[in-house]
Each structure stands twice: as C-alpha cells, then as structure tokens.
Amino acid sequence: MLPRHSSSEIEEIWGSENERRLMRQLWLHHRAKVGPRKKRKPLKDSYPVTGHEVVDNLVEACLEFGDGDLHWGLTSSDVVDYARISQVEASNAVVDRKLEQVWFQWEAWLKRNDMKTPGRTHLLLAAPSSFANSLGPSIALLGLSFLDRPKISFKPLRGPTGASPVATKLPLNPQVQSRCGQTTDGKGYFDSMAWLAGISRALYKLAQDVRLLDAFGEVWFNKGIGSSSLVHKVNPTLAERVCSLAMRQPSFVNEVWMATATSGLERTLTDSALLRNVLPESYHNIVKQLDDTESYLQTLKVDKAKIKSNLKDKRLKSVDKLSKLSKLIPRIDAYMELRKKHAVQR
C-alpha cells in the first residue's frame, strides 16, 4: 500500500514485530499448558539462520527463554495461522471502531440537515425527495455493517490434523472432522473480506452521491486544487479518493477466495504468500476510506438557498399537474397529454 494511503494502526498490527510477538505468545501459552519434558538437553549457544520465519523466530525464542521445547507438539501452520487470524481479529476491531464513528457522524449530519430536496432519477429532476430518502439507506447500511462484524473462531492446535470447533458441531464422518482444522481460519479470512467489501459499498455510494449533490450546488465541502493550469478549478478530492479506493475493495474478496479455495489438498505457500499481501492491504484500503469519509463530513454543508431554487424548476411542476389532471381524466390519458406537451417544449 502506498504510504499516503496506509494506516499506522494497521501497519503496527501487520508488522513483523507484532507477528513475532504473537508467535512467541502461542509458544509460551502452549508450553505452560503442556508442561516441561523429561530428560531435557542443554541448548547450544547458537544455531544457524535458516531463512524460515518460524524456525528462526523459534530459535531466538528458545535461546531467550532457555527452553528448547517451546515448539513441542506444534506445527508451523499452528504458529503462522494463529498469528494471522489474530492480526485479522485486531484489524477488524480497528475497522469496527472507525466504522462506528463514521456511522454516528453521518446519522448526526442527517438529523441536523434533513430537508425537502429535488429528487433525481438518471441524474434528471424527479419528484421531490429528501436527504433521508436519498442518503438514508446507505447510512443505514453502515449501521447494519457495524452490527454484523464477523465472529472469529480460533482453530485448535496441531494444524491440519486438529479438529475445528466448527466442524465438530457438524454431522460429519470423524475422519473428515479430524482434518477440518483450517476451516475456521479460511472462513474467518473470507467473512472478514466480505464484511469490508460491504462497508466499502456504502462508503462509495455516499461519497458518489455527495459528489453529485456538490455538482448540483446543493451541498458544499472543502475541496482540493483541481488543476495545474485552470486556477479556478477545485475538486472534491476526499470523496473522489473514497470512490477510487472503494473500487478495489471487492477484489480482495476474490483473492482470498482464491487463496483459501485453490490450495491443493493442503495449506500451500501460494496460499501463504497471497494472504500476506492481500489481508493487510485490504485493511489499509478500508481504513483510508473511513478516515477520508470522516474528514469530508467535517466540512459538509447544505446550501438551502440552492435547494429551494432547484425545487422551483418548472420541470417539477409537471408532477403536480399530473396529480391534478388525473382527478379529471384517466391517469394514462393525463400522462400522455403532459408528455406530449413536454416533448414539444424540448
């Protein structure tokens, strides 16, 4: 992720130091649970660097804690998957907190500013509406997403040979159950990406509608310089960036689907390499959208005079005329008559 679009909170969660800390946390917890082994041999003073993240981290931990059996009974999959699903859970908590803030701010804005506005279909004037009707459904989607945060389940230890808490509740053959250890992690990744995509859909819709209302002159917010040659030009840069980043969010769902669905018979390095990039990038992406939404909301104002002017547009009078004429003649006849007059005017 580009530095300008990255989040320091997400960077810390997915940084190598936190990953190493989570691995050590699992080793120490597991060792305390399993207890010491008999006939322990003294550790060497040093061990060669292997280039394997789990092994090299394990060597450092063993030397630091003076225990060469920290990994006893575990697999690399246990350690890596535990760290990764913990990072997903922590990232979901960051998104959840920011989503709540944005949702409440949008609700407060709507409560302060809701009023009668021109309605629009295909960007053309239509029957009068309100901000509650045009923006309200997308704001409600933010609230629904806040209430729908995925529940992360941690698989038991022993990697692919462990029994998933989810799978053991299903009426499966015991041999199948014993090999469902990674079902929980894959479901957690995919559900989280789908959740982020749902949030992004609402953020895109709101940002796009705000850009259109700004173009119609009905709302106003701080903008950025829009051109290096047209000195008068300004752009709704924050809302534009929300839309731009939101377009990427659904692709992360597909990539996690690929990572968790196509690994042949086991967890593969393809799965691992893909998830290492996709998962943190998806959280950087959604957090930037939430931060930019919060920023443009702080200066979003309503131009009531412009809205009243737009409501007086003569094209909107045809709605009232249709209603009145329909009381005298069949509605379809009234519609055709007014439609004919409108076509002549154009």
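Structural data are supplied above this passage.
The structure reproduced in this document is the subject of the present report. In this text the structure is predicted, and so the values were computed from the model without any measurement.

1. A closer look at the overall build of the protein chain
Stage number 1. Tallying secondary structure elements over the protein chain gives 14 helices and six strands in all.
Stage number 2. Per-residue burial over the protein chain gives 42% buried out of 346 residues.
Stage number 3. Summarising the internal contacts of the protein chain: among those between residues at least 6 apart in sequence, 75% fall at separations of at least 24.
Stage number 4. Surface summary for the protein chain: the accessible area is close to 19,900 Å², and the carbon and sulfur share equals 56%.

2. Digging into the nonpolar core
Stage number 1. Core analysis: the biggest nonpolar cluster contains 53 residues, and Val95, Trp106, Trp109, Phe131, Leu142, Ile199 and Tyr296 have the highest contact counts within it.
Stage number 2. Breaking this core down by element, the ones donating at least two residues are helix 1 (8-14), helix 4 (76-113), helix 6 (136-147), helix 8 (183-215), helix 9 (237-246), helix 10 (249-261) and helix 11 (269-297).
Stage number 3. In terms of residues, this core owes the most to one element, helix 8, which gives twelve residues.
Stage number 4. Excluding residues within four positions of it along the chain, Trp106 makes contact with Leu135, Ile139, Leu142, Leu206, Val210, Thr293, Tyr296, Leu297 and Leu300.
Stage number 5. Counting residues in each nonpolar core, the second largest holds 14 residues, with Leu22, Leu26, Val54 and Val79 among its members.

3. Quick notes on the packing of aromatic side chains
Stage number 1. Under the criterion given, the structure shown has seven aromatic pairs.
Stage number 2. For the pair Trp106 and Trp109, a centre-to-centre distance of 5.5 Å together with 75 degrees between the ring planes defines the contact as edge-to-face. One end of the pair is Trp106 and the other is Trp109, both in helix 4 and three residues apart, which spans about a single turn. Accessibility classification places Trp106 together with Trp109 in one group, the buried group.
Stage number 3. Centroid distance Trp109 to Phe131: 5.5 Å. Interplanar angle 65 degrees. Geometry classified as edge-to-face. Note that Trp109 is positioned in helix 4 and Phe131 in helix 5 (residues 131-134), a separation of 22 residues in sequence.
Stage number 4. A relative accessible area of 1% places Trp109 in the buried class.
Stage number 5. Among the aromatic residues, those joined into a ring-pair cluster are Trp106, Trp109, Phe131, Phe221 and Tyr296.
Stage number 6. Looking at Arg120, its charged tip hangs above the ring of Phe216, at a distance of 3.8 Å from the centre.

4. Structural notes on the pattern of salt bridges
Stage number 1. For the structure shown, the criterion picks out 18 salt bridges.
Stage number 2. The closest approach of N and O atoms between Glu60 and Arg20, which form a salt bridge, is 2.5 Å. Placement of the pair is Glu60 in helix 3 (residues 53-65) and Arg20 in helix 2 (residues 16-34), with a sequence separation of 40 residues.
Stage number 3. Residue Glu60 is classed as partly exposed on the basis of its relative accessible area of 37%.
Stage number 4. Given a relative accessible area of 27%, Arg20 falls into the partly exposed group.
Stage number 5. Two residues, Arg149 and Asp96, come together in a salt bridge whose shortest N-O distance is 3.5 Å. Taken together, the residues span a long stretch of sequence, with Arg149 in the loop between helix 6 and helix 7 (174-177) and Asp96 in helix 4 at a distance of 53 residues.
Stage number 6. Residue class for Arg149 comes out partly exposed when judged on its relative accessible area of 31%.
Stage number 7. Judged by its relative accessible area of 13%, Asp96 is buried.

5. Observations concerning the packing of helix 4 against helix 6
Stage number 1. Remark: helix 4 packs on helix 6, axes separated minimally by 9 Å, with the N-to-C direction vectors making an angle of 150 degrees. If you check the angle between helix 4 and helix 6, you find them roughly antiparallel. Relative to helix 6, helix 4 is oriented so that their crossing is left-handed. The segment helix 4 lies against helix 6, with Asp96, Leu99, Glu100, Val102, Trp103, Trp106, Glu107 and Leu110 engaging Gly136, Ile139, Leu142, Gly143, Ser145 and Phe146.
Stage number 2. Here the contact of helix 4 with helix 6 is composed, by residue class, of eight nonpolar, three polar and three charged.

6. Quick look at the pairing of strand 2 (residues 124-130)
For a regular strand, side-chain orientation follows a simple rule: the groups alternate between the two sheet faces.
Stage number 1. The sheet contact formed by strand 1 (residues 116-121) and strand 2 spans five bridges and is antiparallel. What sits directly across from Thr121, in strand 2, is Leu124.
Stage number 2. In this structure, the hairpin formed by strand 1 and strand 2 is closed by a connection of two residues, where His122 is found at a positive phi of approximately 55 degrees.

7. Thoughts on unusual backbone geometry
Stage number 1. Not every positive phi belongs to a glycine, and His122 is a case in point at roughly 55 degrees.
Stage number 2. Take His122: it is sitting in the loop between strand 1 and strand 2.
Stage number 3. For His122, a relative accessible area of 77% corresponds to the exposed category.
Stage number 4. Of note, Leu123 is a non-glycine position whose phi angle comes to about 70 degrees, a positive value.
Stage number 5. Topologically, Leu123 is positioned in the loop between strand 1 and strand 2.
Stage number 6. In this structure Leu123 comes out as exposed when scored by relative accessible area, which is 53%.

About the cut-offs
Residues numbered from 1 in each chain as written. Predicted model: local features only at pLDDT ≥ 70, side-chain atom pairs only at ≥ 80, totals over all residues. Heavy atoms only, no water. Helix = DSSP H or I, 4+ residues; strand = E, 2+ residues; numbered from the N terminus. Buried < 20%, exposed > 50% of the residue type's maximum accessible area, 1.4 Å probe, protein only. Contact = heavy atoms within 4.5 Å. Areas by Shrake-Rupley, 256 points an atom, 1.4 Å probe, with all protein chains shown as cover. Core = buried A, V, L, I, M, F, W, Y, C linked by side-chain atoms within 4.5 Å. Phe/Tyr/Trp six-rings, centres within 6.5 Å; stacked < 30°, edge-to-face > 60°. Lys NZ or Arg CZ within 6 Å of the ring centre and 35° of its normal. Salt bridge = Lys/Arg side-chain N within 4 Å of Asp/Glu carboxyl O. Axes fitted to C-alpha atoms, helices over the stretch in contact; angles between N-to-C directions. Parallel < 35°, antiparallel > 145°, perpendicular 65-115°, else oblique. Left-handed = near helix turned anticlockwise from the far one by under 90°. Nonpolar A, V, L, I, M, F, W, Y, C, P; charged D, E, K, R; others polar. Pairing = 2+ DSSP bridges.

Geometry only, nothing functional implied.
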